[in-house]
Amino acid sequence: MPDLLPEETLRQLVDLLVRLVEAAGAAVIFVGAAIAFVRFVLVAVRRHDDGFIAVRLFLGRFLALGLEFQLASDVLRTAIAPSFTQIGQLAAIAAIRTALNFFLNREIEREGRTMDDARGRRSPGAPDGHGSPDAPGGRVPPGAGNG
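Residues numbered from 1 in each chain as written. Predicted model: local features only at pLDDT ≥ 70, side-chain atom pairs only at ≥ 80, totals over all residues. Heavy atoms only, no water.

Q: Lay out the side chain of Glu111 in plain terms, naming residues and giving numbers.
A: Looking at where Glu111 falls in the secondary structure, it is placed in helix α3 (residues 84-122). Not counting residues within four places of it along the chain, the set of residues in contact with Glu111 comprises Ile53, Arg56 and Leu57. (Helix = DSSP H or I, 4+ residues; strand = E, 2+ residues; numbered from the N terminus. Contact = heavy atoms within 4.5 Å.)

What follows is the structure, encoded as structure tokens:
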């Protein structure tokens, strides 16, 4: 039975796809870092301490997404007849990137809760200072009262 696509052609196609996915991951990280830098400068000029946490969260989300793209490219790289060495390298890289992503996501969640708590403490109209748990971000919507 003839091959639909010769293995060498398939390897070249997958190599191109790997490069595109890697470039997408790098672009996501770069764009996130550039925007985060601009936001950082604005926060520094305004001297708004809570803004630094928001900038870290913003950048962390881009880093997490970029890492996902990079992991996808690694998986693609070993999609065609991988050797045991390639599988071992993929396992090591995947473990490292997955661990980085896990801890980054945990940090994002923790910082997000910190931001939500800080917003809740500043919410007007909340007798305990924590805002309404039903409101987005733990805040009491304008005009929402007990009346």
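Q: Before we move on, can you summarise the pattern of salt bridges with the specific residues and values?
A: Applying the stated criterion to the full structure yields nine salt bridges. The shortest N-O distance in the salt bridge between Asp15 and Arg19 comes to 3.2 Å. Residue Asp15 and its partner Arg19 are both found in helix α1 (residues 7-46); the two are separated by four residues, about one turn of the helix. Residue Glu22 pairs with Arg77 through a salt bridge whose shortest N-O separation is 2.3 Å. Taken together, the positions of Glu22 in helix α1 and Arg77 in helix α2 (residues 49-77) put the pair 55 residues apart, joining distant regions of the chain. Given the relative accessible area of 24%, Glu22 is considered partly exposed. According to the relative accessible area criterion, Arg77 is partly exposed, its value standing at 39%. Ionic contacts of the salt-bridge type, sharing partners, join the residues Glu22, Asp74, Arg77 and Arg97 into one network. (Salt bridge = Lys/Arg side-chain N within 4 Å of Asp/Glu carboxyl O. Buried < 20%, exposed > 50% of the residue type's maximum accessible area, 1.4 Å probe, protein only.)

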